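Okay, here's what each chain looks like letter by letter:
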Amino acid sequence: MPRRSGPSDLPVLGSYPAQRCARRVHNEFAPGPRVALPISPEVQARIDAGRLFESAIFDEIRDSATASGGAVADLTIAATGEDWDRGTQRTLEAIGDGADVIIGGRLPEINSRSGAPDVLVRHGEGYLPVDVKNHRTLRASAKPAKPANPRPSAHVLVSALTAPDVTVPQSGYSNRATSWQKDVMQLAHYTRMLQELGFHAGPLLGGIIGTSDMTALLGCTHAITWYDLDIADVATYSRSSPTHVTKRSALQRYDHEFGFRVAVAAAARSGEEIVRPYHITECATCEWFDHCTEVAGPTDASFATETGLLTVRQWRYLYTQCGDGTALSIDELAAADPATHSAGFCEHSPTGLAPAQRLENVIRRARMTVAGVDLELDGAQTPEVPQADIEIDFDIEWDLDQRIYQWGLRIRDCHDDGTARYEPIVSFYPLDDDAEAALAEQFAARIDALCETADRLGRSLRIFHWNHPEISLTKRFPAVQRVLDGVTVDLMKWFASVFFCRTSLSIKDVAAIFGFFWDVENAGGEASQYMIDVARGDGPEAAEARRWCLRYNECDVAAQAAIRDGVRQMLAGSARPQR
């Protein structure tokens, strides 16, 4: 949580605001009563998993220091059990002593900045910031360099934990994994602090210790992936550029975003408002969502939009062009002409994919919202709902370690739901590689048996799943890959090819259109990861969590059948979805 003020009476912000929605900063600093929702158990479980990973990495750093003879200043007790000022004092002492590695430190507040980098690595006469993140840092290069192409192939700089100040280039990999842009913003924050305090090493590098397995590169599981914070590789909007896109470095982008949020905080504290709330993807996990929804009002265009959300810049453009600049109702958005605004909207979409299509979709959904329409049929032909003599609905659940603990099957004869039976293959014990593989083998054996029965009786068989995880996350098990080959139907992909949906293509949103609802509280994938941890315990809470996990998965597979049946009934009836 950012601090209210510093020695200069300016707002003091931590390392996250520059990468987050500016309205969140306004809410935190504005005077008067405001209610932020408590963190949900699912989000808290993700936070706890991150802390456990961080703790494990700190143990590795300590062990690596013992093996290499490096001097580690362990300030993790200061980070968790002492007041901020004492933790800062101990960090300054460690820096003064020239420790090779400092973990759990705290930097003194300076120029509206506050920060506690997970790790500081001594490099030359100063330090470089390193953070620990419970996500991947590496991905394989998309294409190797061709022999005729003189450019070198993609490479990354990595460092073993035993020699964190020694960077080793590795070709064939990129450090542009899913979360890299957020990671470099946080590293830029710590870099600016170290520079302003006079502790920075000089090279504009920052490191992340993530979950990517580094065994093939360095012979160890975990290592530091480095990012050059001074390379102009972040695509951003530019008013002056002919293409309205320019590339800036992480530090340049950070400086702009952080400075703006300091201004937002200062204005909010004085009772002014220089940013209004918009509904964006970040809202899904923000504790201020309900507050912002109330501030925006019931007819606000962005908050009335449930999916296909735009960026702040895109919303701001539409609010200026289709509203009065500060407000835009869902009716006004529905009345907008996509062709009229397409060119300007695309100019304000430097990093988005297919912005013209996103504009058409958001206006189309606004019109559906105003008209009270959930589905529109794409295309003139009435679609054929996929079916088989033996229909198997299939869904997996995995824990925070990405291990699949539940393989849910619901089997029925053709589309007669009265014949449906639910058959879960599940373990409520912690899984290792062998135990997880054993569950996969049980699943494959059951599918083999069902396929043999179908072949013997001369009946067709299909296995339905919603979206790709049931295929992409299970292909590491050869037996599963074999039994699923050629018999699966991605029901979400089929549905999206047939209908345009006002809501998201989440199975819960789609099933609700046809009157199907989960009969467990807080139904959702993140909740299931929280509940399996509870289920692995003892006592009444564990027993209830096991019942929840089974019932939640049973609803998941039943929903797939309900969607097919609902579409079939809708197409057969007089009330057809609009085109």
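Residues numbered from 1 in each chain as written. Predicted model: local features only at pLDDT ≥ 70, side-chain atom pairs only at ≥ 80, totals over all residues. Heavy atoms only, no water.

Under an unreviewed UniProt entry, the name given to the protein chain is Recombinase RecB, and the organism recorded is Mycolicibacillus koreensis.

1. Focus on the nonpolar core
Note the cut-off: As used in this record, nonpolar core signifies buried Ala, Val, Leu, Ile, Met, Phe, Trp, Tyr and Cys residues forming a set joined through side-chain atoms within 4.5 Å. Each residue gets one of three labels from its accessible area relative to the maximum for its type: buried under 20%, exposed over 50%, partly exposed in between, using a 1.4 Å probe on protein chains only. Starting at the N terminus, helices and strands are each numbered in turn, a helix being any DSSP run of H or I of at least four residues and a strand any DSSP run of E of at least two. Only heavy atoms enter the contact rule, under which two residues are in contact if any of them lie within 4.5 Å.
Counting residues in each nonpolar core, the largest one holds 62 residues, and the members touching the most others are Ile392, Trp407, Phe443, Ile447, Leu461 and Phe495. Here the element with the most residues in this core is helix H20 (residues 540–572); it accounts for eleven residues. Those residues in contact with Leu461 that lie beyond four places of it in its chain are Ala388, Ile390, Ile392, Leu450, Cys451, Ala454 and Val487. Judged by nonpolar contacts, the second largest core, of 24 residues, contains Ala188, Tyr227, Leu251 and Ala268.

2. A look at the sheet that holds strand S9 (residues 168–171)
Across a sheet, strands are paired by hydrogen bonds formed along the backbone, either parallel or antiparallel in direction. To be explicit about the condition: The pairing criterion is simple: DSSP has to find at least two bridges between the two strands. Orientation is described by lines fitted to C-alpha atoms, with helices fitted over the stretch in contact, and by angles between N-to-C directions that extend from 0 to 180 degrees.
Reading across from one edge, S1-S2-S5-S6-S11-S12-S8-S9 is the order of the eight strands in this open sheet, with mixed pairing throughout. The open sheet has two edge strands with one neighbour each: strand S1 (72–74) and S9. Within this sheet the neighbouring strands show an average axis-to-axis angle of 30°, counted without direction. Note: strand S8 (residues 155–160) against strand S12 (residues 223–228), four bridges, orientation antiparallel. Bridged to Ala160 within S12 is Ala223. Here helix H4 (residues 84–97) sits on the sheet in contact with S1, strand S2 (101–103) and strand S6 (126–132), set at roughly 170° to S2. Across the sheet, helix H5 (residues 180–197) is in contact with strand S5 (119–123), S6, strand S11 (205–209) and S12; its angle to S6 comes to roughly 150°.

3. Brief notes about the packing of helix H2 (residues 41–68) against helix H19 (residues 525–535)
For clarity, the threshold we go by: In this scheme the handedness of a crossing depends on how the near helix is turned from the far one: anticlockwise by less than a right angle means left-handed, clockwise means right-handed. Only Asp, Glu, Lys and Arg are considered charged in this grouping, and only Ala, Val, Leu, Ile, Met, Phe, Trp, Tyr, Cys and Pro are considered nonpolar; every other residue, Gly among them, is considered polar.
It is the contact of H2 with H19, at a shortest axis distance of 8 Å, that shows an interaxial angle of 65°. Taken as a pair, H2 and H19 cross one another with a handedness that is left-handed. Across the interface between the two elements, Pro41, Glu42, Val43, Ala45 and Arg46 from H2 touch Glu526, Ala527 and Tyr530 from H19. Looking at the contact of H2 with H19 residue by residue, the class counts come to five nonpolar, no polar and three charged.

4. Things to note about empty space enclosed by the protein
Heads up, the condition is: In this analysis a 1.4 Å probe is tested at points of a 1 Å grid over the protein atoms alone, and where it fits but cannot get out there is a cavity; an open set with protein on both sides within 12 Å along at least five of seven lines is a pocket; lining residues have an atom within 4 Å of a point. Grid points are joined across faces, edges and corners, and a volume is the space filled by probe spheres set on the points.
On inspection of all chains with the given rule, the structure shows three cavities of 30 Å³ or more. Taken as a whole, the largest cavity spans an internal volume of roughly 90 Å³. Every residue lining the largest cavity is counted, 13 residues in all, and those nearest its centre are Cys21, Tyr278, Cys283, Cys286 and Cys292. Contributions of two or more residues to the lining of the largest cavity are made by helix H1 (22–29) and helix H8 (289–296). Examining the composition of the lining of the largest cavity, we find that three residues originate from one element, H1, more than from any other. Considering only residue class, the lining of the largest cavity consists of nine nonpolar, one polar and three charged. The calculated volume of the second largest cavity comes to roughly 60 Å³. What lines the second largest cavity is simply Ile61, Val101, Val119, Val121, Leu161, Pro164, Ile209 and Ile224.

5. Side note on the environment of Asp74
Quick note on the threshold: For the purposes of these results, a polar contact is taken to be a pair of N or O atoms within 3.5 Å, where, inside protein, one atom must be able to donate a hydrogen and its partner to accept one; residues adjacent in sequence count only when each atom of the pair is a side-chain atom.
By secondary structure assignment, the location of Asp74 is in strand S1. Assessed through its relative accessible area of 31%, Asp74 is described here as partly exposed. With 27 residues separating them in the primary sequence, Asp74 and Val101 have C-alpha atoms 8.3 Å apart. Those residues in contact with Asp74 that lie beyond four places of it in its chain are Arg62, Arg90 and Ile103. A distance of 2.6 Å separates the side chain of Asp74 from the side chain of Arg62, its partner in a polar contact.

6. What about the packing of aromatic side chains?
Heads up, the condition is: Ring geometry is summarised as follows: Phe, Tyr and Trp rings, the Trp one being its six-membered ring, pair when their centres sit within 6.5 Å, and such pairs are stacked at plane angles under 30 degrees, edge-to-face over 60 and tilted between the two. Whether a charge sits over a ring depends on NZ of Lys or CZ of Arg being within 6 Å of the ring centre and within 35 degrees of the ring normal.
This model, assessed by the stated rule, comprises 13 aromatic pairs. Ring centres of Phe394 and Phe443 lie 4.7 Å apart, and the angle between their planes is 20°; this geometry places the pair in the stacked category. Remark: Phe443 occurs in helix H14 (residues 433–457) and Phe394 occurs in strand S16 (residues 390–398); sequence separation between them is 49 residues. The burial state of Phe394 is the same as that of Phe443; both residues are buried. Three or more aromatic residues link up through ring pairs in this structure, and these residues are Phe394, Trp407, Phe443 and Phe477. Positioned above the aromatic ring of Phe500 is the side chain of Arg364, whose terminal nitrogen or guanidinium carbon lies 4.0 Å from the ring centre. Across from the ring centre of Phe464, 3.8 Å away, lies the NZ or CZ of Arg564, which sits over that ring.

7. Some remarks on the packing of H5 against helix H7 (residues 250–269)
What counts, and what does not: With respect to orientation, any angle under 35 degrees is reported as roughly parallel, any angle over 145 as roughly antiparallel, any angle of 65 to 115 as roughly perpendicular, and every other angle as oblique.
The N-to-C vectors of H5 and H7 enclose an angle of 80°; their axes lie 9 Å apart at closest approach. Taken together, H5 and H7 sit at an angle that is classed as roughly perpendicular. Along the contact surface, H5 presents Gln181, Val184, Met185, Ala188, His189, Thr191 and Arg192, while H7 presents Ala250, Leu251, Arg253, Tyr254, Asp255, Glu257 and Phe258. Of the residues that constitute the contact of H5 with H7, the class distribution is seven nonpolar, three polar and four charged.

8. Notes on the pattern of salt bridges
In a structure, side chains of opposite charge can pair up when their charged atoms sit close to one another. For the record, the criterion: Counted as salt bridges are all cases of a side-chain nitrogen of Lys or Arg within 4 Å of a carboxyl oxygen of Asp or Glu.
Across all of its chains, the model carries 35 salt bridges by this definition. Close ionic contact of Asp48 with Arg51 constitutes a salt bridge, the shortest N to O distance being 4.0 Å. Remark: Arg51 and Asp48 occur in helix H2; sequence separation between them is three residues, near one turn of the helix. In this structure Asp48 comes out as partly exposed when scored by relative accessible area, which is 35%. For Arg51, a relative accessible area of 53% translates into the label exposed.

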